[in-house]
Amino acid sequence: MRRAGFYLVFILTFLCLPLLGLAASGGHWETRAPMPSNRSEVAVAELGGKIYVMGGFKYYGVVTSRAVEVYDPQTDRWEEKAPLPEGRHHAAEAVVDGKLYLIGGYKGFLNWETLRTRKHQPTNQVWEYDPGQNRWHERASMPTARGALAVGVIDGKIYAVGGGNAVGGGSWGHGVNTLERYDPVTDTWQPLPPMPTPRHNLTAVVMDGRLYAIGGRTTGGTAVGTWESLQVDVQANGSQTVAASWTSGGAATVPARQDHGVWSVDIGVVSPPGVVD
């Protein structure tokens, strides 16, 4: 758990870099105010110049957190917000039109049998958070229940890719290659072409209308350096056309890792370290 906590601090500090205006090259690291509650496997997003940290767990999923804590890089202070309706870990978080969306994740161990077998329980629930009202609202459920997935936003729509279904394959379940798109305006989901490599504990980033799915872990628990991308074309009327197939990174893989983060900055896509297999 110490290692997981270290990576959480690493990712949070990395996410602060664009907000603080530090250059990606020639910058320096600073120790900032610690997060109020110790957690790992959280969901993180930036909104309005502040960093929202949601959910996560302690003690390997036995205690699943509902905490929502917001960090302001300008004041170096944390603030508590309305907690999640229910504890979640390994959920994905996205921002669209000034609202936060917490998607999927695991509910933690629900009973003695799931604790004994270390099987996490995936969910397909979606919650929307309105910072102005400091309230949560349940939205249309994702078609496929999964945790340890990744999301990206293209022109106001959320793309949820990969994850684990916790049906065999270890505590996280089988890695899935599912891709589904959520439209917050219509509150509807749409299935899309699956990515070639099923995996969970991956990360995703969007650049120039293309969704990149990077790294992760296979069903057997092996970290991979695979990256695959999908082109999304946005029409003048706002409709989105998805390419019929994914593009693989081929030989140009990244170092194999899992439980890592990724961020898009002016120099391109940067990924801080995760757990190396």
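This one's a predicted model, so the numbers in the text were calculated from it and none came from an experiment. (Residues numbered from 1 in each chain as written. Predicted model: local features only at pLDDT ≥ 70, side-chain atom pairs only at ≥ 80, totals over all residues. Heavy atoms only, no water.)

Peer 1: How would you summarise the overall build of the chain if you had to cite specific residues and measurements?
Peer 2: In terms of regular secondary structure, the chain is built from 2 helices and 23 strands. A total of 277 residues make up the chain; the buried ones form 48% of that total. Within the chain, contacts between residues at least 6 apart in sequence are counted, and of these 51% link residues at least 24 apart. Carbon together with sulfur atoms contributes 51% to the accessible area of the chain, which is approximately 12500 Å² in total. (Helix = DSSP H or I, 4+ residues; strand = E, 2+ residues; numbered from the N terminus. Buried < 20%, exposed > 50% of the residue type's maximum accessible area, 1.4 Å probe, protein only. Contact = heavy atoms within 4.5 Å. Areas by Shrake-Rupley, 256 points an atom, 1.4 Å probe, with all protein chains shown as cover.)

Peer 1: Break down the environment of A243 for me, citing the residues and quoting the values.
Peer 2: With respect to the element layout, A243 can be found in the loop between β18 (240-242) and β19 (247-248). Overall, the relative accessible area of 25% leaves A243 in the partly exposed class. Residues A243 and P193 lie 50 residues apart in sequence; the distance between their C-alpha atoms is 8.3 Å. Those residues in contact with A243 that sit more than four places away from it in its chain are P193, L230 and Q231.

Peer 1: Residues and numbers for the packing of aromatic side chains, please.
Peer 2: Inspection of the entire model under this criterion finds 6 aromatic pairs. Taking the centre distance of 5.0 Å and the plane angle of 45 degrees together, the rings of Y129 and W136 count as tilted. In terms of burial, Y129 and W136 fall into one category: buried. Chaining the aromatic ring pairs together yields one cluster made of Y52, Y129 and W136. (Phe/Tyr/Trp six-rings, centres within 6.5 Å; stacked < 30°, edge-to-face > 60°.)

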